[in-house]
Amino acid sequence: MEIDLTPKSSKSVYRSDGGSYFSWSPSDLPMLKEGNIGASKIALQKNGLAMPSYSDSAKVAYVLQGSGTAGIILYEAEKEKVIAVKEGDAIALPFGVVTWWFNKEDTELVILFMGDTTKGHKAGEFTEFALTGANGIFTGFTSEFVSRAWDLEEDKVKELVGSQKSTGIIKVQDGFQMPEPSEEDRKGMALNCLEAPLDVDIKNGGRVVVLNTKNLPLVEQVGLGADLVRIDAGSMCSPGFSCDSAYQVTYIVRGSGRAQIVGVDGKRKMEIRVEAGNLFIVPRFFVVSKIADEEGMDWFSIISTPNPIFCHLAGRTSVWKALNPQVLEASFNVASETEKHFRSKRTNAEIFFPAPTN
């Protein structure tokens, strides 16, 4: 049975006064389970706090909208790193890292999480472990264990456990003083993809920023690569595939367009419109291409390897250009003139092709 590659939007898991948690389920998007990939989002209202938790999966977070503060506690760290986050920020989150997220602004803070669930409890889904709240670790232990472990009096144990009424996301009171972010803490923890040097910049075509072990070292611990691609109105992204056996997980950040995926035996597996909020997954070695609508299109992708390698099938670096002309002529079963005409095209173009001028 063929796996459905149709793009899907997230579904709400829970809501509170402080914000909402959304996720994609393998039952709706089977490729999540097939590729051992999880995806979720949080949306925090003003004074919304996503309480401290850790996950069973390594992730990359990407700030889709707004600005706020994040607390990150790395392995065996004695002090958390408190960093400012804003739209365009990408943050690598290794296994077991404890995080919290806070929004003090009027604009909703929306953060996308995508990651590897290979070592998780459920294939294709994140499992979160809360440190506080009604489902936090304190509520699971008996008062004796809490008292012994944290050297607390019985009345304090009852206060700590009994006061935790909410789960996941809460809203703190106006004026409550949260930790202030530190510029020093931010170093090496986040990369703003809207401000970082461009890895690819094609006039009227598109731009790319690639996350890798050089510009965001924690990517190596996460085991994932990522990129932000922004293509202009009517522009096309060259057909290509990951040539290092990686899955490509794509979230449409802005705009809309069309996408086609070609798989085994040259069969088209997907031809569909995609729009902001859609998530889809390209299977290993399958070829994908996209064309933007009039407003252009941006997408953020993770790739299941920290230093991804892509092979493009059109443009100056196309494999067609490297092949011997006689091999092409024989393989296509065309006249020499046709092969030469084919080879003469896209001799200077890179991976993005601007919209036709006529």
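What you see is a predicted model, and the numbers here were worked out from it, not measured in a lab. (Residues numbered from 1 in each chain as written. Predicted model: local features only at pLDDT ≥ 70, side-chain atom pairs only at ≥ 80, totals over all residues. Heavy atoms only, no water.)

### Some details on the packing of aromatic side chains
Overall, the coordinates contain 10 aromatic pairs when judged by the stated rule. With a centroid separation of 5.8 Å and 80° between ring planes, the pair formed by Trp 320 and Phe 342 is classed as edge-to-face. Of this pair, Trp 320 sits in helix α7 (residues 319–322) while Phe 342 is found in helix α9 (residues 336–344), placing the two residues 22 residues apart along the sequence. Relative accessible area serves as the criterion here: at 35%, Phe 342 is assigned to the partly exposed category. Taken together, the ring pairs connect Trp 320, Phe 332 and Phe 342 into an aromatic cluster. The ring of Trp 299 is capped by Lys 290, whose NZ or CZ atom sits 4.2 Å from the centre of that ring. Seen from the ring of Phe 353, Arg 346 lies directly overhead, with NZ or CZ sitting 4.0 Å from the centre. (Phe/Tyr/Trp six-rings, centres within 6.5 Å; stacked < 30°, edge-to-face > 60°. Helix = DSSP H or I, 4+ residues; strand = E, 2+ residues; numbered from the N terminus. Buried < 20%, exposed > 50% of the residue type's maximum accessible area, 1.4 Å probe, protein only. Lys NZ or Arg CZ within 6 Å of the ring centre and 35° of its normal.)

### With respect to the nonpolar core
Core analysis: the largest hydrophobic core is formed by 77 residues, its most contacted members being Ile 91, Trp 101, Met 114, Leu 279 and Phe 300. Ignoring sequence-local partners within four residues, the contact set of Leu 279 consists of Pro 7, Lys 8, Trp 24, Leu 29, Leu 32, Ala 39, Met 114, Val 249, Thr 250 and Tyr 251. If you look at the next biggest cluster of nonpolar residues, it comprises 7 residues, including Leu 49, Trp 100, Phe 102 and Val 172. (Core = buried A, V, L, I, M, F, W, Y, C linked by side-chain atoms within 4.5 Å. Contact = heavy atoms within 4.5 Å.)

### A word on the packing of helix α8 (residues 325–332) against α9
At a minimum axis separation of 9 Å, α8 and α9 run at an interaxial angle of 115°. The hand of the α8/α9 crossing is right-handed. For the pair α8 and α9, the contacting residues are Pro 325, Leu 328, Glu 329 and Phe 332 in the first and Ser 336, Glu 339, Phe 342 and Arg 343 in the second. Classifying every residue of the contact of α8 with α9 by side-chain character gives 4 nonpolar, 1 polar and 3 charged. (Axes fitted to C-alpha atoms, helices over the stretch in contact; angles between N-to-C directions. Left-handed = near helix turned anticlockwise from the far one by under 90°. Nonpolar A, V, L, I, M, F, W, Y, C, P; charged D, E, K, R; others polar.)

### Some details on a nonpolar patch on the surface
Together, Ile 137, Phe 141, Phe 145 and Trp 150 line one region of the surface with nonpolar side chains, adding up to about 400 Å² of accessible area. Mapped onto the secondary structure, Ile 137 falls in helix α2 (residues 137–140). Among the residues examined, Ile 137 registers a relative accessible area of 32% and is labelled partly exposed. (Patch = residues over 30% accessible without salt bridge, like charges linked within 9 Å, V, L, I, M, F, W, Y side chains within 5 Å. Areas by Shrake-Rupley, 256 points an atom, 1.4 Å probe, with all protein chains shown as cover. Salt bridge = Lys/Arg side-chain N within 4 Å of Asp/Glu carboxyl O.)

### A few points about the pairing of strand β9 (residues 98–103)
Most of β9 sits out of view: 6 of its 6 residues are buried. Two strands pair when backbone bridges link them, and strand β4 (residues 48–55) and β9 are joined in this way by 4 bridges, in the antiparallel orientation. Residue pairing for β9: Leu 49 is matched across the bridge by Phe 102. In terms of strand pairing, strand β6 (residues 67–73) meets β9 through 5 bridges, oriented antiparallel. (Pairing = 2+ DSSP bridges.)

### So, the layout of surface pockets
Approximately 660 Å³ is the volume found for the largest pocket. Every residue lining the largest pocket is counted, 36 residues in all, and those nearest its centre are Tyr 14, Tyr 21, Ser 53, Thr 127 and Glu 128. Contributions of two or more residues to the lining of the largest pocket are made by β1 (11–16), β2 (19–23), β3 (37–44), β4, β9 and β11 (128–130). Here the residues of the lining of the largest pocket sort into 19 nonpolar, 14 polar and 3 charged. In this structure, the second largest pocket encloses a volume near 450 Å³. If you go around the second largest pocket, you meet 23 residues; those closest to its centre are Val 208, Asp 227, Phe 310, His 312 and Ile 351. Every element with two or more residues in the lining of the second largest pocket is listed here: β15 (206–211), β16 (225–231), β17 (236–242), β21 (287–303) and β22 (310–312). In terms of residue count, β21 provides more of the lining of the second largest pocket than any other element does, 5 residues in total. In terms of residue class, the lining of the second largest pocket is built from 15 nonpolar, 5 polar and 3 charged. (1 Å grid on protein atoms, 1.4 Å probe; cavity = no way out; pocket = protein on both sides within 12 Å on 5 of 7 lines; lining within 4 Å. Points joined across faces, edges and corners; volume = space filled by probe spheres on them.)

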